[in-house]
Amino acid sequence: MSDPAPFFLTTAIDYANGEPHLGHAFEKIGADVIARYQRQAGRAVHFLIGMDEHGQKVAQTAEARGVAPHALVDEIAASFRAMWARLGISYDQFIRTTTAEHQEGVRALIARIFERSPDDFYEKAYEGWYCVGCEAFKNDAELVDGKCPLHPTRELQWTRETNWFFRLSRYQPFLERLLRERPAFCQPESRRNEILGLLAQGLEDVSASRSRFSWGVPFPRPTSDGETQTTYVWFDALPNYLTATGFPAAGYEARWPAQLHVIGKDITRFHCVIWPAMLEAAGLPLPERVWAHGFVQLGGERFSKSAGVKLELGEAIDRFGPDAFRYFLLREVPFDGDGNFSWERFEERYTADLANALGNLASRTVAMVEKYCDGRVPAASDAAVLAADAADLAAYHAAMDGSRGYLLHEGLAALWQVVFRANAYVQERQPWSLSKDPARRDELEAVLGTLVRQLAPVAVALAPFMPAKAQELWESLGGAGRAEDVRFAAVAALDPTGWRVHKGAGLFPRPEPPRPAA
RNA sequence: GGCUGGGUAGCUCAGCUGGUGAGAGCGCACGACUCAUAAUCGUGAGGUCGCGGGUUCGAUCCCCGCCCCAGCUACCA
């Protein structure tokens, strides 16, 4: 067999300026499902996540708290990693932009652009109103009565600063061709349309360095007056995907280019415009695809710390456990658009989908195999039912494998069709009636054999979403080893005949125990 | 303002290039069953398919106008 095809996927690196929240979690969970799915599809997956730890805000926060920036970002990175461990995020690599390796990679990338495309960096004086309070330039649209709305008591200063600029405008034709010839480069389609609209307006050059803060990567070339500036955000943050491969050290080509960048829709522009232009300027291959997911809103509103619109991640995870939380987010929030988190929907979905539909199906199936077949899975099955399931499993893969994008919510919906069919099948065949008639023993065994053959593929297909619960289900059916180690290609040949089922504690206990009738 | 997408049952949404009675899940009501986690299965609700025109034998799906919502309109990472 040939070597498995590589699948290098990344998420946006998270800005080290606060604790992980629901938005961070949604992206990591979605990317984790894709990573786990691709592993089971047989790809050689490398899953990268990490932290963006430079920039003015980090330095300011550290100062305000009276700690060194390094100490601050160490603490925040630890907090993120703890959260990802709790959510079962199966990343292979965790990159931090403050490491020496990343910084050297950034400088090498910039040096390479200077070398390959010498005209792409140039010095330019930037003039504008500078707010000392924000430590940032303000454009006219941001001003209120000629003052910074955040610091109205301070006078704005008309300031002139010379920076390195990147000639992004030069790449407009290149980018237009890229999006036209490779529509999958920027997905979903709605985001690609936005980028096409942006390109139609014309691109302006962007600054690549700043002189007013130092918590960052020193720009490799001093300005003509001898000043060494600090690399500006996109030239520091975006290259993490590349520096994670070891670039520029030999061997990075084994991993680069990435197959997939999973990002939030708010940073589509940086990933679908600036990043490919940078890579092209450096003469490096482009990633295969950028997937921009939407946002999880709370009660129909966007997060807002100031308005108190936020969710305690830990509380949500504790409600029904990490797997149920993963399931809920990806079932309820379409991965190509926005969705909503509410406690009410969470409990509804948990009860209806997990406890009643799937959990109870597993429970009744295992109980009947124990009761009627001494716990051994019979050899017989119903081909018509399994054929119908096969169509749903195909729909699951079509939603998951990237061929139509990454429609994780549709993948789950397809899987639940199998669950619904199995429950209806039980009702239709009534194995408890069959069990009373010895002459119908064959029928009884076929029904129970079918149910296990319906659930086993569900356990395998569910493993990317709910790794721990899928394993519990797999073991209760009597499957050997780990569900997540079962390749999708091997599912069709799976033969549960003779498996020994185990009645477990119950996959998804109901939220409130039933009360005895009064 | 411009561009993109959307307004379909109480909620979340499917409805491919126009055509027999407009769908799914959840929730709700009633019925059935008892293997199972008081779970499951079936049936139902009578939704102006945003509003007004138009094209057509016929439009939720095409065209025009209008109303409403969301996103984008580049230095926050």
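Residues numbered from 1 in each chain as written. Chains lettered and ligands numbered in written order. Predicted model: local features only at pLDDT ≥ 70, side-chain atom pairs only at ≥ 80, totals over all residues. Heavy atoms only, no water.

## A closer look at the side chain of Asn240
As for its placement among the helices and strands, Asn240 is situated in helix α8 (residues 240–243). A residue is classified by how much of its surface remains accessible, and Asn240, at 0% relative accessible area, is buried. Within the structure, the side chain of Asn240 is placed 2.9 Å from the backbone oxygen of Ala237, a separation counted as a polar contact. Other than its neighbours up to four places away in sequence, Asn240 contacts Ile13, Leu48, Ile95 and His102. (Helix = DSSP H or I, 4+ residues; strand = E, 2+ residues; numbered from the N terminus. Buried < 20%, exposed > 50% of the residue type's maximum accessible area, 1.4 Å probe, protein only. Polar contact = N/O pair within 3.5 Å; in protein donor to acceptor, adjacent residues only side chain to side chain. Contact = heavy atoms within 4.5 Å.)

## Focus: helix α12 (residues 343–373)
Maximum bend of α12: about 35°, positioned at Gly359. Positive backbone phi, at 55°, marks Asp374, one or two positions downstream of α12. (Bend = angle between axes of the 7 residues up to and from the residue.)

## Quick notes on the protein's contact with RNA strand B
Near RNA strand B, the surroundings consist of 47 residues, among which Asp52, Tyr232, Arg269, Phe270 and Arg510 are the closest. Atoms of RNA strand B within 4 Å of the protein: sugar and phosphate make up 67%, bases the balance. Here Glu194 contributes a side-chain N or O atom positioned 2.7 Å from a sugar or linking oxygen of RNA strand B. In the model, a sugar or linking oxygen of RNA strand B is placed 3.4 Å from a nitrogen or oxygen of the Lys371 side chain. Of all the secondary-structure elements, those providing two or more residues to the surface near RNA strand B are α6 (189–201), β9 (206–207), α7 (233–237), α9 (268–281), α12 and α14 (408–429). By residue number, the principal contributor to the surface near RNA strand B is α12, which donates 12 residues. Of the residues assigned to the surface near RNA strand B, the class counts are 22 nonpolar, 11 polar and 14 charged. (Near = heavy atom within 4 Å. Nonpolar A, V, L, I, M, F, W, Y, C, P; charged D, E, K, R; others polar.)

## Some details on the packing of helix α11 (residues 322–332) against α12
Here α11 crosses α12 at 100°, and the two axes come no closer than 10 Å. Between α11 and α12, the crossing angle belongs to the class labelled roughly perpendicular. In this structure, α11 uses Ala324, Phe325, Tyr327, Phe328, Arg331 and Glu332 to contact α12, whose residues at the interface are Arg345, Phe346, Arg349, Tyr350, Asp353 and Leu354. Of the residues that constitute the contact of α11 with α12, the class distribution is 7 nonpolar, no polar and 5 charged. (Axes fitted to C-alpha atoms, helices over the stretch in contact; angles between N-to-C directions. Parallel < 35°, antiparallel > 145°, perpendicular 65-115°, else oblique.)

## Quick notes on the state of the cysteines
Inspection of every chain in the model, using the stated rule, returns 0 disulfides. For the unlinked cysteine Cys186, the closest cysteine sulfur is that of Cys272, found at 3.1 Å. (Disulfide = S-S within 2.5 Å.)

## As for the pattern of salt bridges
Evaluated as defined, the whole model comprises 29 salt bridges. The salt bridge partner of Arg39 is Asp92, with a shortest N-O separation of 3.4 Å. Linking Arg39 in helix α1 (residues 22–40) with Asp92 in the loop between α3 (69–87) and β4 (93–96), this pair joins segments that are 53 residues apart in sequence. On the accessibility criterion, Asp92 (40% relative accessible area) is partly exposed. In this structure, Arg96 and Asp74 form a salt bridge, with 2.6 Å as the shortest nitrogen-oxygen distance. Of this pair, Arg96 sits in strand β4 while Asp74 sits in helix α3, placing them 22 residues apart in sequence. Taken together, the shared-partner salt bridges connect Asp32, Arg36, Arg326, Arg482 and Glu484 into one network. (Salt bridge = Lys/Arg side-chain N within 4 Å of Asp/Glu carboxyl O.)

## A closer look at the packing of α12 against α14
Where α12 contacts α14, the axes come no closer than 10 Å and their chain directions differ by 50°. As the angle between them shows, α12 and α14 are arranged oblique. The crossing of α12 and α14 is left-handed. Residues Asp353, Leu354, Ala357, Leu358, Leu361, Arg364 and Met368 of α12 touch α14, and the partners they reach there are Trp416, Val419, Phe420, Ala422, Asn423 and Val426. Grouping the constituent residues of the contact of α12 with α14 by class yields 10 nonpolar, 1 polar and 2 charged. (Left-handed = near helix turned anticlockwise from the far one by under 90°.)

All quantities given are derived from atomic positions and should not be read as evidence of function.
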